[in-house]
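Listed below, chain by chain, are the residues.
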Amino acid sequence: MRSIRVETSGATVLLTEAPEPKVKDRQTGEIAKDAQSGETLMRLGVVYIDGGESSLLQVTVPESGVTEGLALGAPVTLIGLIARPWESVFNGQQRHGVAFRAEAIAPAAISVGAGA
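From a predicted model like this one, the values you see are computed outputs, not experimental measurements.

Caption draft 1: Structural detail: the pairing of strand S7 (residues 76–79). Residue alternation in S7 divides its side chains into a buried set, Val76 and Leu78, and an unburied set, Thr77 and Ile79. Where S7 lies against strand S10 (residues 104–107), 4 bridges are found, and the strand directions are antiparallel. Directly across from Ile79, in S10, lies its bridge partner Ala104.

Laid out in C-alpha cells, this is it:
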C-alpha cells in the first residue's frame, strides 16, 4: 500500500506518551521488529497541532531513532514522518485506519509565531 509523506514543518508536535517497545502479539508479548533491519520498534504518542486543529497520533519509530532528552508535554520533531493507510478483517469485521511511522524523534524548540 502507498505511503504518504507528512509535512511537519508548520505544525507543533508535543510528546504525550513516552516511547516503549511496540507489542506485535499481545497474547505472547512478542515485541515488533522492523522487517528489513530486525531492529526493535518503539511506539509513542504525540499531539499534532496544525492550522488550528489537533490530532492524537500513535507513531512507530525504530529504537535507534529515539533521541535522548525527550520529555512528556515537550515539543518534538518527527523526522521522516509517513502515513500508511491500512485495512484488514478481524473476526469477520472490516477494520481500517492510518498507521504513522517516523525515522526518528528528537526534542524540538517551539517556534514563535509572527503574531507573538
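Caption draft 2: Geometry of the pattern of salt bridges. Counted according to the given criterion, the structure contains 4 salt bridges. Between Glu17 and Arg43 there is a salt bridge, and its shortest N-O distance comes to 3.3 Å. You can see Glu17 sitting in strand S2 (residues 12–21) and its partner Arg43 sitting in strand S5 (residues 41–50), a full 26 residues away along the chain. Where Arg43 meets Glu20, a salt bridge forms, and the shortest distance between an N and an O atom there is 2.9 Å. Linking Arg43 in strand S5 with Glu20 in strand S2, this pair joins segments that are 23 residues apart in sequence. Judged by relative accessible area, Glu20 falls into the partly exposed class, the value being 37%.

Caption draft 3: Region of interest: the confidence of the model for the chain. Model confidence for the chain is summarised by a mean pLDDT of 91, while 92% of its residues fall at 70 or above. For the chain, strand S3 (residues 23–25) is the element with the lowest average pLDDT, namely 90, and S5 is the one with the highest, namely 97.

Caption draft 4: Molecular detail of the side chain of Thr60. Take Thr60: it is sitting in strand S6 (residues 53–62). If we ignore the near neighbours within four places in the chain, the residues touching Thr60 are Lys22, Leu41, Met42, Phe100, Arg101 and Ala102.

Caption draft 5: Expanded view of the pairing of S6. Two strands pair when backbone bridges link them, and S5 and S6 are joined in this way by 10 bridges, in the antiparallel orientation. Each bridged residue has a counterpart across the sheet, and for Val46 the counterpart in S6 is Leu57. Between S5 and S6, which pair antiparallel in sequence order, lie 2 residues; one of them, Gly51, sits at a positive phi of approximately 60 degrees. Where S6 lies against strand S9 (residues 93–101), 2 bridges are found, and the strand directions are parallel. Residue pairing across strands places Val59 opposite Phe100, the latter belonging to S9.

Each value, and the rule that gives it
Residue positions are given per chain, counted from 1 along the sequence in the order it is written. Only residues with pLDDT of at least 70 get local features here, since the model is predicted, and only at 80 or more are side-chain atom pairs given and counted; chain-wide, interface and lining totals rely on the full set of residues. To obtain the side-chain values, all non-hydrogen atoms of the structure were included, while hydrogens and water were left out. Think of it in three bands: residues with accessible area under 20% of the maximum for their type are buried, residues over 50% are exposed, and the middle band is partly exposed, with areas taken using a 1.4 Å probe on protein chains only. Put simply, DSSP marks the helices as runs of H or I at least four residues long and the strands as runs of E at least two long, and each gets a number from the N terminus on. For two strands to pair, DSSP has to find at least two bridges joining them. Any Lys or Arg side-chain nitrogen found within 4 Å of a carboxyl oxygen on Asp or Glu counts as a salt bridge. The predictor attaches a confidence to each residue, and that confidence, scored 0 to 100, is pLDDT. By definition in these notes, contact holds between two residues if any of their heavy atoms fall within 4.5 Å.

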